[in-house]
Amino acid sequence: MRINGFWHVGPDSTVRPIIPATALGSDGLPHDISLLVDTGADRTVLDFDTYVKLGLATKATGEFELEGVGGLSRSVIVPAQLQFTKAEGGTALVNIQLMALTEATSLGMNVLGRDFLSLFSVIVDRQGDTVCLLHGRHRYVIQES
Amino acid sequence: MIKSYGTGLNAPSVVMLEQVELSPAEQTEAAARRATYLANAAWASRHAALIGRTCAGRFVCIAGGELFVADTPAEAHALAGTAHPDEVGATYSTRVPDQQRPKIYAH
């Protein structure tokens, strides 16, 4: 399995590695979102904008604290399913307990954490303009030229 | 980096990874939505400097090649949805940082 991403220029003009996905809102309708590939994150976290867009307040189960460089932020746990398009065709579904930030000033970007990334070999190659996740039959080879 | 605290949060959160085949109609719909979403995301990238300069601290939503700006995400999504109802689910939205500075995710 190969899931492709891309390098995306954010509103601060910084380029970051992104994986696109589809998440179902509380209304059952699909919404495409972007998630930052973040190997430093323990968990996958949705930002406040996506929390509102998907109507996740109705699906939240309890409040928890997340810690980052800026300190603690309040979040909720939301059971969700993320859909990823496979490069070879077909769709990968992941059932995951997401964290979602409930404060407007937090994060500012959805984060794909190691709870999900640990299922894959993660390629983040700025020089090669490549962002992808590999699983199963798709593997990487390191060669010396 | 994000560390999580709380009872049960250290347990694995991923329940299942499965591979499925969507119906032809679902594939067509998903492909169209993805193409529209990527186009909106690409528009945001091309106009990143403008968005960063004029929308600091606010929420933006891009649909149909147009920028919608508001003080809350709900309002930004509503503006875009009203103008481009055919792009609901495929809009690109984000909060624009208050200030331009390097970020270590998480916050």
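Right, let's walk through the structure included here.

Criteria and thresholds
- Residues numbered from 1 in each chain as written.
- Chains lettered and ligands numbered in written order.
- Predicted model: local features only at pLDDT ≥ 70, side-chain atom pairs only at ≥ 80, totals over all residues.
- Heavy atoms only, no water.
- Salt bridge = Lys/Arg side-chain N within 4 Å of Asp/Glu carboxyl O.
- Buried < 20%, exposed > 50% of the residue type's maximum accessible area, 1.4 Å probe, protein only.
- Helix = DSSP H or I, 4+ residues; strand = E, 2+ residues; numbered from the N terminus.
- Pairing = 2+ DSSP bridges.
- Axes fitted to C-alpha atoms, helices over the stretch in contact; angles between N-to-C directions.
- Polar contact = N/O pair within 3.5 Å; in protein donor to acceptor, adjacent residues only side chain to side chain.
- Contact = heavy atoms within 4.5 Å.
- Core = buried A, V, L, I, M, F, W, Y, C linked by side-chain atoms within 4.5 Å.
- Expected span 1.5 Å × (residues − 1).

The full count for this structure, using the stated rule, is eight salt bridges over all chains. Across the pair Arg 16 of chain A and Asp 12 of chain A runs a salt bridge, and its minimum N-O distance is 2.7 Å. Take Arg 16 of chain A and Asp 12 of chain A: they sit in the same class, and that class is buried. Close ionic contact of Arg 58 of chain B with Asp 71 of chain B constitutes a salt bridge, the shortest N to O distance being 2.9 Å. Taken together, the residues span a long stretch of sequence, with Arg 58 of chain B in the loop between helix 2 (48-54) and strand 3 (59-63) and Asp 71 of chain B in the loop between strand 4 (66-70) and helix 3 (73-83) at a distance of 13 residues. Connected via shared salt-bridge partners are Asp 32 of chain A together with Arg 33 and Arg 34 of chain B.

A few words now on the sheet that holds strand 5 (residues 92-95) of chain B. Residue and element names in this part refer to chain B. With respect to topology, three strands assemble into an open sheet ordered 4-3-5, the strand pairing being antiparallel. Strands with a single pairing partner mark the edges of an open sheet, and in this sheet they are strand 4 and strand 5. Along the sheet, successive strands turn relative to each other by an average axial angle of 20 degrees, direction set aside. The pairing of strand 3 with strand 5 spans four bridges and is classified as antiparallel. Counterpart to Phe 59 in the pairing with strand 5 is Arg 95.

The next subject is the side chain of Asp 115 of chain A. Structurally, the position occupied by Asp 115 of chain A is in helix 2 (residues 114-117). In this structure the side chain of Asp 115 of chain A is engaged in a polar contact, spanning 2.8 Å, whose partner is the side chain of Thr 44 of chain A.

What follows covers the environment of Val 9 of chain A. Structurally, the position occupied by Val 9 of chain A is in strand 2 (residues 6-9). Considering only alpha carbons, one finds Val 9 of chain A and Gly 55 of chain A, 46 residues apart in sequence, at a separation of 26 Å. Setting aside residues up to four positions removed in sequence, Val 9 of chain A forms contacts with Thr 14 and Val 15 of chain A together with Ser 45 and Ala 48 of chain B.

Turning next to the nonpolar core. Ile 19, Leu 46, Phe 84, Phe 116 and Leu 133 of chain A are the most contacted members of the largest nonpolar core, which has 37 residues in total. Phe 84 of chain A has contacts with Ile 3, Ile 19, Pro 20, Ala 21, Gly 90, Thr 91, Ala 92, Val 94 and Phe 116 of chain A, leaving out every residue within four places of it along the chain. Counting 11 residues, the second-largest nonpolar core is a separate cluster that includes Trp 43, Val 60, Ala 90 and Val 96 of chain B.

So, on to the pairing of strand 11 (residues 130-134) of chain A. Residues and elements named next belong to chain A. Judged by how many residues are buried, strand 11 sits mostly within the fold: four of five residues are covered. Where strand 1 (residues 2-4) and strand 11 come together, three bridges link them in antiparallel fashion. Residue Asn 4 lies in a different strand from strand 11, and its bridge partner there is Cys 132. Hairpin connection between strand 10 (residues 121-125) and strand 11: a loop of four residues separates the two successive antiparallel strands, and Asp 129 in this loop has a positive phi of roughly 50 degrees.

A word on the sheet that holds strand 1 of chain A. Pairing between the strands of a sheet is mediated by backbone hydrogen bonds and can be parallel or antiparallel. All names here are of chain A. Strand order in the open sheet made by the three strands is 1-11-10, with antiparallel pairing throughout. With one partner strand each, in any of the chains shown, strand 1 and strand 10 form the two edges of the open sheet. Across the sheet, the mean angle separating the axes of adjacent strands is 15 degrees when strand polarity is ignored.

Moving on, we come to helix 1 (residues 24-46) of chain B. Along an α-helix, a turn takes 3.6 residues, which lines up residues three or four apart on a common side. With 23 residues, helix 1 of chain B ought to run about 33 Å at 1.5 Å a step, and its terminal C-alpha atoms sit 33 Å apart, in line with that. Along helix 1 of chain B, the positions that sit buried rather than exposed are Arg 33, Arg 34, Tyr 37, Asn 40, Ala 41, Trp 43, Ala 44 and Ser 45 of chain B.

All names here are of chain A. Checked against the element boundaries, Ala 80 lands in strand 7 (residues 71-85). Since its relative accessible area comes to 16%, Ala 80 is described here as buried. Each C-alpha atom of the pair Ala 80 and Asn 95 lies 5.9 Å from the other, and the pair is 15 residues apart in sequence. For Ala 80, the residues in contact, after removing those within four places along its chain, are Val 94, Asn 95, Ile 96 and Leu 98.

This next bit is on unusual backbone geometry. Residue and element names in this part refer to chain A. With a phi angle near 65 degrees, Ser 13 is a residue other than glycine that sits in the positive phi range. Mapped onto the secondary structure, Ser 13 falls in the loop between strand 2 and strand 3 (15-24). Accessibility expressed as a relative area gives 41% for Ser 13, which makes it partly exposed. With phi around 50 degrees, Asp 129 is a residue other than glycine that occupies positive phi space. You can see Asp 129 is positioned in the loop between strand 10 and strand 11. Relative accessible area serves as the criterion here: at 56%, Asp 129 is assigned to the exposed category.

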